[in-house]
Amino acid sequence: MSGHRDLRASLLTIGLLLLLGLFTVPGWVGEFITRLHVPAMSSREADAVTAGYYEDLLDAAVVRGSTPTGLVRLMTKHADPPADWPRLHDTEGVVWDDDSYQRFTLSPGSMFSYKGAPLEVNADGYRDRPFLPRTEDGPRRIAIVGSSITMGSGVPVEMTYENMLEDSLRAEGHDIEIINLAVAGYRGTQLLDVVLESLEPLGVEAVLLVINDLTVNPRAMLHVARLLSEGRDPKYAFLADVADRAGVVSGMKEEAILGRLAPFNDEVTEWWITTAVQWARDHQVPIALLIVPQPATVEPLRKRVKGLQPIFETLDVPIVSLYRSYDLVRDQSSLWIRPWDRHPTSEGHELLHQALLSAIRKRADVQGVLFGQETPHED
Amino acid sequence: MSPEATNPPIRWQSSRPVRFLLLLAQLVGLAFIVHLWNIESTLFEDLVLLSILGFAIHYWLPVAWRYRFFVGYSLACAFVILGIKASCGLFLIGLLIYGLLRLPIPWWLRITMVILLGVALMVARTLVGHPWVADGFWPLVGSIFMFRTIVYIYDVRHARNPPRLIDFLGYFYLLPNYYFMLFPVVDHQTFLVARGRKPLDDCAQTGIRWITRGIVQLILYRVVVLYIPDPMTATTIPGVAGFMVMTYLLYLRVSGQFHIAIGMIHLFGIDLPETHRKYLLASSIADFWRRINIYWKDFILKIFYLPIFFRLRKRGEIQAAVIATSLAFFATWALHAYQTYWLLGVPLLTLPDTLFWAILGFLMVLSSIREMKHPRPHDESWSLGRVFGVIVTFAVITTLWSLWNTPSLDAWVRMISLRGGGA
Amino acid sequence: MKTDDIREKVRAFILDEILPGERPENLLDDMPLRTSGLIDSMGTIRMTSYLESTFGISIAAHETGVENFETVDSICQFVAAKMAS
């Protein structure tokens, strides 16, 4: 028979959970409890699914499904993608260059459907509205450099947070143009190359460099691992040195190289961020870092970025984190473009846009980067 | 010491409406908690509300109507939670299985047809993305039928009376299973025996207790998630040990969900046994096996271990136990791959997975031999020996669990040799 | 053999081998033994051996399920039916 202990325990527990749910406890205890209110995914879980949705092998996600924990995670958050669910580099919209560091770029002028939304590549080779012709007194050109969320995988170009931000800022009277240089699947080492090689020819006057899961998770070195497994030159002396120290030798398979490079993740992350910032300083291009999470996997990114805090403190650049963008949405999985693909929907992009706009309005340092002067703005 | 002595039964003195209100108040409190703490998803909230509604109606029905109501209500809720397409598909498959097993033809022919149906469904499983098939349909089919069909066939084979449709429907179409894809392998005989054997008030209170326990475990799981170290950068002994322990504790999510699922069934007067029994306090490998996912252990025991043991016991009990245990773990390994096929679309056969089951199976064989030679009575009392056993068992299981959770043996070796890259 | 004799022997086995030290009045005849974990796989095997040798019956694997081995009452009924058949 059910005992007194069962009844007492239930009543006490229910009462306690209700109280902690309804009322805020002051101090760090309250903060801790507040964080527990939000369902979270561990870094490894997020990586497992990140590996699947960020144009990567689904193997990693599937392999982790062998355990009950893995199965529960994958069954409650993940669905099988259809066999024809595309990865950008498998589409006709990319140009492969076996000799290039980036391995692939978007094909200028191409038009195709990608993850349920039309994707048109402009004449400059980016997924954005056509860039305005450069003139002496033209709008201030701001570049945003990122990966697939910023590129707007699965949403129409007008609904990317970048274009919505551009429209909002222009409506507020700022004479700016935001050009979107994001490419789906690009990792940190590739974003750096975009900064070093593309910003100057495009006459960029300010840059927002995006840090996302793909740039800091354990598979962030996959691009380099692929180059090395194909026997190609990693282009940058620093990367060659890391490969050397990691004991990467010719003939090694990609996953083995990735495993060897993994302990150098943080070092490489520090390198590409500081190199990008240094380039910006050397070229008098104001730069800010933008941290953009996926819906329902905010915590793993927050944890990883927390590990980068010492680096950020030395950089002395504005950093805008959009962790709280999705807070008001209870079931953040509703913001995924598909049950198996966690790129944010148009609604998710709208939330990112609002969060970023709010940050810009409140922060003089960010305004300084974007507008070239500090303009205090009452929100 | 029996549970009765430490947990004296409630002598419900109050009137039935008062008892009902006390139970309902707890359930409403739990529903609020699910909402306030964002437990699971909005679909889970729907499940909770449906369970409470069902409980509230079921409670006041005459005893003779209660089980029928549970069956009908569970079937109806399938349409609400899963939609018409998926529900109809599930019912069709179930009725096919039931119908085939009731055909007036030789038993071997009936089994062959059910197996062929199963194979056809496994082939059809590859139709992911087909417009006729709803998203998530196949994992649902697997979750409901992949193991319980095996148990059902085993019981029907030996049943004294022909199986009733209403028992079939109640056993397979369990309301919480529409949400929880990874679901305890409910035993058919246990399900039949458990119906109405306990007074409804007591049964529902136990259910509430387990739902509460499950929710607490899901919240504790979030604590683990917040603090689990990054395996790629765990290159110190405390870091690796912390990662390994936390990886094991991620299992709280499975345990939590199982508690909630079975707790919900309790609300309808079905006194199913607990799914986990303080597995973190297991004092030996055999004790661990008996405490973690008890339903799986009982499934393997019933379908594989005991039949094999009984067939071989004339050769000697120890030899029979060794062979039966080995084959039981082989079956566990194979059925996990089978389960992964149904739930994820790929049969998972990895080296870490194989090693995990092989090592655990080997340790269980040793344990079986020891228990055969030196039978020990059931003893939950604490002693220094038991404390030592708990610590050692926890360390062993944590280590094995970390192996199970790595994508490759190389990655695991790198991790335990403090070179990072554990997952 | 009378039902009471069967019950006495079954209870004695459980109290001696499965629950040593437990007070007899705490072992209720309708108390779940299998599903509560009091009788595990080894206990089932030992119980089977005991019942077979004590009552001269033969028990198949499928008969050791919850239907027959869950409570003292169900064990006694099972043994009585086996002896009668």
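Residues numbered from 1 in each chain as written. Chains lettered and ligands numbered in written order. Predicted model: local features only at pLDDT ≥ 70, side-chain atom pairs only at ≥ 80, totals over all residues.

### What about the overall build of chain C?
Okay, step 1: The helix and strand inventory of chain C stands at four helices and zero strands.
Okay, step 2: What you see in chain C, going N to C, is helices and strands ordered as α-α-α-α.
Okay, step 3: If you line up chain C on its principal axes, its C-alpha atoms span 35 × 25 × 20 Å.
Okay, step 4: Taking all 85 residues of chain C together, the buried fraction comes to 38%.
Okay, step 5: Across chain C, contacts joining residues at least 24 apart in sequence account for 62% of those joining residues at least 6 apart. (Helix = DSSP H or I, 4+ residues; strand = E, 2+ residues; numbered from the N terminus. Buried ≥ 20, exposed ≤ 12 C-beta atoms within 10 Å, placed from the backbone. Contact = placed C-beta atoms within 7 Å.)

### Details of the overall build of chain A
Okay, step 1: Along the backbone of chain A there are 17 helices and 11 strands.
Okay, step 2: Relative to its 379 residues, chain A shows a buried fraction of 49%.
Okay, step 3: By sequence separation, contacts in chain A at least 24 residues apart represent 70% of the contacts at least 6 residues apart.

### Brief notes about the domain arrangement of chain A
Okay, step 1: Domain parsing of chain A yields domain 1 (1-37) and domain 2 (88-371).
Okay, step 2: For domain 1 of chain A and domain 2 of chain A, the distance between their C-alpha centroids amounts to 41 Å. (Domains from an automatic or database assignment.)

### A word on the packing of helix 8 (residues 148-158) of chain B against helix 15 (residues 294-312) of chain B
Residue and element names in this part refer to chain B.
Okay, step 1: Across the interface, helix 8 lies against helix 15 with an axial gap of 11 Å and an inter-helix angle of 45°. Between helix 8 and helix 15, the interaxial angle falls into the category oblique. Considering how the two elements wind past one another, helix 8 and helix 15 form a crossing that is left-handed. Residue-level inspection shows Ile150, Val151 and Tyr154 of helix 8 in contact with helix 15, the latter providing Phe299, Lys302 and Ile303.
Okay, step 2: Looking at side-chain class alone, the contact of helix 8 with helix 15 contains five nonpolar, no polar and one charged residues. (Axes fitted to C-alpha atoms, helices over the stretch in contact; angles between N-to-C directions. Parallel < 35°, antiparallel > 145°, perpendicular 65-115°, else oblique. Left-handed = near helix turned anticlockwise from the far one by under 90°. Nonpolar A, V, L, I, M, F, W, Y, C, P; charged D, E, K, R; others polar.)

### Notes on the sheet that holds strand 5 (residues 140-145) of chain A
Residue and element names in this part refer to chain A.
Okay, step 1: Strand order in the open sheet made by the five strands is 6-5-7-8-9, with parallel pairing throughout. Looking along the sheet, the strands with just one partner apiece sit at the ends: strand 6 (176-180) and strand 9 (319-321). Across the sheet, the mean angle separating the axes of adjacent strands is 20° when strand polarity is ignored.
Okay, step 2: Of the strand pairs in this sheet, strand 5 and strand 6 are connected by five bridges, and their pairing is parallel. Looking across to strand 6, one finds that Arg140 is bridged to Ile176. (Pairing = 2+ DSSP bridges.)

### Concerning the environment of Gly116(A)
Residue and element names in this part refer to chain A.
Okay, step 1: Within the fold, Gly116 resides in the loop between strand 3 (111-114) and strand 4 (117-120).
Okay, step 2: Along the chain, Gly116 and Arg338 lie 222 residues apart, while their C-alpha atoms are 9.5 Å from each other.
Okay, step 3: Apart from residues lying up to four places away in sequence, Gly116 is in contact with Gly154 and Ile337.

### A short note on unusual backbone geometry
Okay, step 1: Even without a glycine there, the phi angle at Gln284(A) is positive, about 50°.
Okay, step 2: With a phi angle near 45°, Lys278(B) is a residue other than glycine that sits in the positive phi range.
Okay, step 3: Summarising the element assignment, Lys278(B) is placed in the loop between helix 13 (252-266) and helix 14 (285-291).
Okay, step 4: Classification of Lys278(B) by C-beta neighbours within 10 Å gives exposed; the count is 12.

### Let's talk about the interface of chain C and chain B
How big an interface is tends to be stated in terms of the accessible area lost upon association of its parts.
Okay, step 1: At the interface, 24 residues of chain C touch 24 residues of chain B.
Okay, step 2: Counting only elements with at least two residues in the side of chain C that touches chain B, the list comes to helix 1 (3-18), helix 2 (41-55) and helix 3 (66-69) of chain C.

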